[in-house]
Amino acid sequence: MAETPPSPLPQWLLPQAGRRAALRAGLAAAAALAIPGCALPVRQPAVPRGQGGLASVLGVPGERFRVENGIEPFNREAMGALQRSAQRLGVTDLQRLPPLNLLAISGGGEAGAFGAGLLCGWTAHGSRPSFDLVTGVSTGALTAPFAFIGPDGDAGLREVYTQVTLADIARSRGLLAALLDDALADTLPLLGTVPRYLNEGMQARIAQGYREGRSLLVGTTDLDAQLPVIWNIGAIAASDHPGALALIRRVLLASAAIPGAFPPVMFDVSLDGRNYQEMHVDGGAINQAFLYPPALTAPRRELIARGRPVRPANIYLIRNARLDPEWAAVERRTLGITGRAISTMLAASGFNDVLRVWALATRDRMTFNLAFIGTDFDVPYNAPFDQAYMRPLFDNGFNRARRGFEWAHEPPLIDGQPVGPGQPPR
């Protein structure tokens, strides 16, 4: 079929001004249903209902965690990490291990520049700890490996968020893709960008961290099952499986696959000797940030209930977004209303994730530390992955952290106080 004119990414990612033209183009593209000869995307059979917990990608022990399998696999992994950490430090009593430092990095697209700048500025301040657990979703999944390997990853992190442009992330498929393909853009450029940073050297560093008792987890969404999947990147990296590095790259790509904008990532899996495919998209479709299942810390809560001491722990949550409402005059048009509603739901979901992690930290007696984009940052957002927006945002996070970041210890509005410009709630 004839090639269609290039089109932008989904219009809810673009400025309001371009949506009216997009609406006209979308109505014209609807005629594509009558155009013969257009092949639709195909896929292999999906994993049968309720059997996702039995499917495997590489067959690596503990390669991922699914809710269908309950808490026990997570318990085994956590206990193994504790034992590896104790062995490394020469400690026989697990309760005498040094304080835990847990880091969760949220989604946020190009706003991931804030978290990247914060991490680099934290290093410059000299107080950044080594993290026992790092989790990431969407853009946070792309940041997480750099955060996990420590300050040595800062140069790459800075380059990714201050040099990479939309051309390094995605390219348009044309107007008809909205009706005849699985996304408006393809991410072949990102598939080429990721290996420049996530190479054999980084895999080795991640594997070493895993052997030391530290964990790196990335979240995706299994769209068939409508369930979250947590990928154990450290275990995959340390497996020495020949397909490990390729799988890690695909997991990061899947975690950042914004539905509709970017194509889903298909994972070939095996189950009872048969081959199936899972369709995975952005982990933010379910959780924009996560740390651990609530049931994981039952032994800790038992110690607390008995008045026994527990291992000190610090939770750090980097929310790559503002947490105050962003006002906008919404056009009375279908695309404008739909786009605004979607962005509102995403903002609410992200705030609820912050509340959930805070509640978890409070329940488990862990110190809660929250970072988010302050109201003092007022550089306008005009286009996806625009460095005119990302570089100042990186600098904002960097400078605040270099001075000594003022972490919030509870989410905004919990104490009834509004969030002031650039200030956490008190």
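A. Structural view of the pattern of salt bridges. Overall, the coordinates contain 13 salt bridges when judged by the stated rule. A salt bridge links Arg64 to Glu278; the nearest nitrogen and oxygen atoms lie 2.8 Å apart. Of this pair, Arg64 sits in strand E1 (residues 64–66) while Glu278 sits in strand E9 (residues 274–282); the two residues are 214 residues apart in sequence, bridging distant segments of the chain. Of the two residues, Arg64 and Glu278, both sit in the buried class. By sharing partners, the salt bridges in this structure join Arg64, Arg66, Glu68, Asp222 and Glu278 into a single network.

B. Region of the structure containing the confidence of the model for the protein chain. For the protein chain, per-residue confidence averages 86 on the pLDDT scale, and residues scoring 70 or more make up 86% of the total. Within the model, pLDDT remains below 50 along residues 1–35, and this stretch shows 54 contacts once partners closer than five positions in the same chain are excluded. Scored below 50 in pLDDT, residues 421–426 makes 19 contacts in the model with residues more than four places away or belonging to other chains.

C. Fine view of the packing of aromatic side chains. Counted under the stated rule, the structure contains 12 aromatic pairs. On the basis of an interplanar angle of 55° and a centroid distance of 5.0 Å, the ring pair of Phe405 and Trp407 is categorised as tilted. In textbook terms, an aromatic cluster arises when at least three aromatic residues are bridged by ring pairs, as seen for Trp122, Phe131, Tyr316, Phe405 and Trp407. A cation sits over an aromatic face here: Arg158 above Phe398, 5.2 Å from the ring centre. Across from the ring centre of Phe148, 4.3 Å away, lies the NZ or CZ of Arg214, which sits over that ring.

D. Up close: helix H5 (residues 154–163). For H5, the set of buried residues is Asp154, Gly156, Leu157, Val160, Tyr161 and Thr162. At its buried positions, H5 is contacted by helix H3 (112–125), helix H4 (139–149), helix H7 (188–197) and helix H13 (387–402).

E. Geometry of the pairing of strand E11 (residues 367–373). Burial runs high along E11: 6 of the 7 residues are buried. Taken together, strand E10 (residues 313–322), helix H12 (residues 334–363) and E11 constitute a β-α-β crossover, and its handedness is right-handed.

F. Here's a closer look at unusual backbone geometry. For Ser138, which is not glycine, the phi dihedral falls at a positive 60°. With respect to the secondary-structure elements, Ser138 resides in the loop between strand E3 (133–137) and H4. For Ser138, a relative accessible area of 7% translates into the label buried.

G. Expanded view of the side chain of Asp132. By secondary structure assignment, the location of Asp132 is in the loop between H3 and E3. No salt bridge is formed by the buried Asp132, whose closest oppositely charged neighbour, Arg311, lies at an N-O distance of 4.5 Å. With residues up to four places along the chain from it excluded, the contact list for Asp132 reads Pro99, Leu100, Asn101, Gly213, Arg214, Ser215 and Arg311.

H. Local environment of the pairing of strand E6 (residues 215–222). The element E6 is largely enclosed, with a buried count of 8 among its 8 residues. Burial of the side chains of E6 extends over both faces: Ser215, Leu217, Gly219 and Thr221 are buried on one face and Leu216, Val218, Thr220 and Asp222 on the other. Sheet topology note: the E3/E6 ladder contains 5 bridges and is parallel. Bridge pairing in E6 places Val134 opposite Leu216. As paired strands, E6 and strand E7 (residues 227–232) are joined by 6 bridges and run antiparallel to one another. Bridging across to E7, Thr221 finds its partner in Pro228. Turn length for the E6-E7 hairpin, with the two strands adjacent in sequence and antiparallel, is 4 residues, and the turn residue Gln226 shows positive phi of about 60°. Of the pairings in the sheet, the one linking E6 to E9 comprises 3 bridges and is antiparallel in character.

Reading the values: rules and limits
Residues numbered from 1 in each chain as written. Predicted model: local features only at pLDDT ≥ 70, side-chain atom pairs only at ≥ 80, totals over all residues. Heavy atoms only, no water. Salt bridge = Lys/Arg side-chain N within 4 Å of Asp/Glu carboxyl O. Helix = DSSP H or I, 4+ residues; strand = E, 2+ residues; numbered from the N terminus. Buried < 20%, exposed > 50% of the residue type's maximum accessible area, 1.4 Å probe, protein only. pLDDT = per-residue confidence, 0-100. Contact = heavy atoms within 4.5 Å. Phe/Tyr/Trp six-rings, centres within 6.5 Å; stacked < 30°, edge-to-face > 60°. Lys NZ or Arg CZ within 6 Å of the ring centre and 35° of its normal. Right-handed = clockwise from strand over helix to strand, strands pointing away. Lys, Arg positive; Asp, Glu negative; His and termini not counted. Pairing = 2+ DSSP bridges.

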